[in-house]
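Here is how the chains run, residue by residue.
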Amino acid sequence: MIRDITIGQYYPADSILHRLDPRVKFIGTLIFLVSLFVSNKWEGYLLATAFLGAMILISKVPFGFMVKGLKPIFMILLITVAFNLFLTPGTILVQFWIFKITDAGCLQAGKMAIRLIYLIIGSSVMTLTTTPNQLTDGLEKLMRPLTRIKVPVHEIAMMMSIALRFIPILMEETDKIMKAQIARGADFESGNLIKKAKALIPLLVPLFISAFRRANDLAMAMEARCYHGGEGRTQMKPLKYASRDLAAYGIMLLYLAGSIVIRILGR
Amino acid sequence: MGIIKASKLVFEYLKYNDEGKVEETSRAIDRVDLDVEAGQFIAVLGHNGSGKSTLAKHINGLLIPTEGTVWVDHMSTENEEELWRIRQKAGMVFQNPDNQIIGTVVEEDVGFGPENMGVPTEDIWRRVDESLRAVGMTAYRHHSPNKLSGGQKQRVAIAGVVAMRPKCIVLDEPTAMLDPNGRKEVLQAVRELNKKEGVTVILITHYMEEVIFADRVIVMDRGSIVMQGTPREIFSQVDTLKSYRLDVPQVTLLAHELRTSGLQIPEGILTIDELVNAICQLS
Amino acid sequence: MSIKLEHVTYTYSPGTVYEMHALEDVNLEIRDGQFVGIIGHTGSGKSTLIQHFNGLMKPTGGLVLYNGENIWGENYPLKALRSHVGLVFQYPEHQLFEESVLEDVCFGPKNQGLSPDEAKERAKEALAQVGLGEEFYSSSPFELSGGQKRRAAIAGVLAMNPDVLVLDEPTAGLDPRGRDEILDQIAELHSVRGITIILVSHSMEDIAKYVERIIVMNKGKVAFDDAPKEVFSHYRELEGMGLAAPQITYIMHALKEKGIPVDETATTVEEARVSILKALGK
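Residues numbered from 1 in each chain as written. Chains lettered and ligands numbered in written order. Predicted model: local features only at pLDDT ≥ 70, side-chain atom pairs only at ≥ 80, totals over all residues. Heavy atoms only, no water.

- Per an unreviewed UniProt entry, chain C carries the name Energy-coupling factor transporter ATP-binding protein EcfA2 and comes from Lactonifactor longoviformis DSM 17459.
- Taken from UniProt, the Function (unreviewed entry) comment for chain C reads in full: "ATP-binding (A) component of a common energy-coupling factor (ECF) ABC-transporter complex." (UniProt positions renumbered as here; feature names shortened; annotations may be inferred.)

- The name given to chain A in an unreviewed UniProt entry is Energy-coupling factor transporter transmembrane protein EcfT, with Lactonifactor longoviformis DSM 17459 as the source organism.
- The UniProt entry for chain A carries this comment under Sequence similarities (unreviewed entry): "Belongs to the energy-coupling factor EcfT family."
- Word for word, the UniProt comment on chain A under Function (unreviewed entry) is "Transmembrane (T) component of an energy-coupling factor (ECF) ABC-transporter complex. Unlike classic ABC transporters this ECF transporter provides the energy necessary to transport a number of different substrates."

## What to know about the packing of helix α10 (residues 250–260) of chain B against helix α11 (residues 272–282) of chain B
Residues and elements named next belong to chain B.
Here's step 1: Two numbers describe how α10 lies on α11: the axes approach to 9 Å, and their chain directions differ by 25°. One element, α10, and the other, α11, form an angle in the roughly parallel class. In this structure, α10 meets α11 at a crossing whose hand is left-handed. Between α10 and α11, the contacting residues are V251, L254, A255 and L258 on the first element and I272, L275 and I279 on the second.
Here's step 2: For the contact of α10 with α11, a count of residues per class yields seven nonpolar, no polar and no charged. (Axes fitted to C-alpha atoms, helices over the stretch in contact; angles between N-to-C directions. Helix = DSSP H or I, 4+ residues; strand = E, 2+ residues; numbered from the N terminus. Parallel < 35°, antiparallel > 145°, perpendicular 65-115°, else oblique. Left-handed = near helix turned anticlockwise from the far one by under 90°. Contact = heavy atoms within 4.5 Å. Nonpolar A, V, L, I, M, F, W, Y, C, P; charged D, E, K, R; others polar.)

## Concerning the UniProt feature "transmembrane region" (unreviewed entry) in chain A
Residue and element names in this part refer to chain A.
Here's step 1: Residues annotated by UniProt as "transmembrane region" (unreviewed entry) correspond here to residues 45–67, 73–100, 112–131, 151–171 and 246–266.
Here's step 2: Spanning residues 112–131, this segment combines 90% helix with 0% strand, and its end C-alpha atoms are found 30 Å apart.
Here's step 3: Counting secondary structure, residues 246–266 comes out at 95% helix and 0% strand; the distance between its end C-alpha atoms is 30 Å.

## Looking at the packing of aromatic side chains
Residue and element names in this part refer to chain A.
Here's step 1: Overall, the coordinates contain ten aromatic pairs over all chains when judged by the stated rule.
Here's step 2: With a centroid separation of 5.6 Å and an interplanar angle of 70°, the aromatic rings of Y241 and Y249 are classed as edge-to-face.
Here's step 3: Judged by relative accessible area, Y241 falls into the partly exposed class, the value being 37%.
Here's step 4: In this structure an aromatic cluster arises from ring pairing among F32, F51 and Y255.
Here's step 5: A cation sits over an aromatic face here: R23 above Y241, 4.0 Å from the ring centre. (Phe/Tyr/Trp six-rings, centres within 6.5 Å; stacked < 30°, edge-to-face > 60°. Buried < 20%, exposed > 50% of the residue type's maximum accessible area, 1.4 Å probe, protein only. Lys NZ or Arg CZ within 6 Å of the ring centre and 35° of its normal.)

Written out as structure tokens, the structure reads:
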């Protein structure tokens, strides 16, 4: 289940999207999300589909990879669709027991489904083409102005990238401890909720201890390699806008303008 | 004065009771004197808890002496203004390869040290290239560290230190968590750094096979240096080593046993060839 | 009593691009009372193999039999199997979680359904067997030294009274004395209590000193399964698998090549000493 989440996973390939500045991709994703909520007409969705389709093609990431990201949110998707389908007032199309399906409901459910699916796929395009490090670098640079109001931007970005590095390690460790306790007769599956929660103690205590030990080791290793905060630090891969990044900004603005125009004209 | 020097070094751990008062002090390092010449390969042996890791952490200022002084390239580690220069001069590699790699991509991790030192960008790239080449990990530069073997991870960690262009590298049991092949890889990389780049190496270990290449072996027990000499001198004292909870390589042990059984075999045999030749001369 | 594997295959992510055969057609039987060593380089499938012995992993093909019964058959009590076949993972001290050593060791017996008093009795016995005396009962497991932690963790499995004890590199990261102490205690469990021992190790010297049979894993298959002398006589092939024979084997072969009539199958220091003295006529 956890392995199915594609958000935060990087797919190595050589494409224009991979080479774009992470800031462009981050802002681009935001613009795409805004456009999804700006659109309320089929023409708008058509434009969004065309844009997303083009991005997926350019990214050289297999389509199957993107779709895999939808699996974990399948339940949320189903519930959202059901709510919209049954609870939107309008002309009744079908009715059974207390459930009424209306024309407006169908429309609304369709829109919500498209928005959610595009939202996930849209953000997957960003995370699949950007390494976690580039992403945190990009965020750090974008949030730089916040340092003026004393937000520890560099520290937040460093924390994020360390977390990204240690998630797989801790997941593996969880698996190992769980197996070791099962070998000692532990039972993580049967019993009621309270019993299940109690059964987690032999898993969680060692896991926390290990996480703290790792944190301690890592802090020491970072200090030994002269880490002393963001001050006076240079970067191996500093972010610099190239002409392709500016072109990408232009395309995105055109796209956003397009979806706004469609909304206004469609009225 | 050598590149690393310690004089009457004492380090005490304080143990606090529930009320926050000092309950007991335990001496992890007890009056240690040390002088390491630039370019040497020093091995430090000792059982777990003998104080060898504590000593290592003094060499790059992660711990500050309770008494006595440690100098790194003529800078005292007590001088806080020099702290970052000291850490750059004396790099450190730790035991657990997972807990010292910061980057999510190999080359970015190697660049971490130079970034912290404020090295200009193009220079960082040059250093990363050189360091990865020095440990033979260039082919893996775009990989995620999580997908590497233990030996490869540890070589990345060494490259991360080499990129800081240190004069001395302290390795604190770098092979304890590795399999035999990983151990060989790491040792090979360390020996090459010492020979080709002339980096001073202080290798802390309890694998006896790893110290036979050292210029000098130091044996620690209860916070003190109890033996010092060339590998041959150290390994000729099998019984003394055993009393410090240590071992000798099988070939040395067999030579020792044969000698005790009355054969004319010299003490301190280190390699299979030496032993085979010694036995052949007898027959 | 025995553990028997018949044509066991284990495939990770079958049918996908990540498909990987961790075990391929493994056949072996481990009889009661044996002291078996398993060697193989990292990724050879030995960790996957030992997790099949107590039903932590289910083979994707083939059968695992304990005392002749298919452990994946319907209604087979897997939980009971896990108290017959105790498995000590690498760095077992990472699973300690209770406030005191004694309570931690009680965890296994309690899961078996024993009363608190019975569990304590078992725990005390197990702690005595690994050389941890009464003075450690109430200490926090996190305050022990590395070697003591390791032994407390092994006691945690031992307290379940297993008939078979599987240990995955029980000496990793310990210093030479700590290593010898643990191995000697394991050997004692075998000789005194008659427990079947399956020892996974990277140290050929340790394996040669203790076990009566070696299973060599390579690329998910059993490459050799024989007495140590036989297995180490294939030292050239072992090297091809990223392994090696004990140093002694190399010494003896080198001496033989130089025309000294030693027994080249000697694998321990003592055997080598006796053989060399004899060959030199002393």
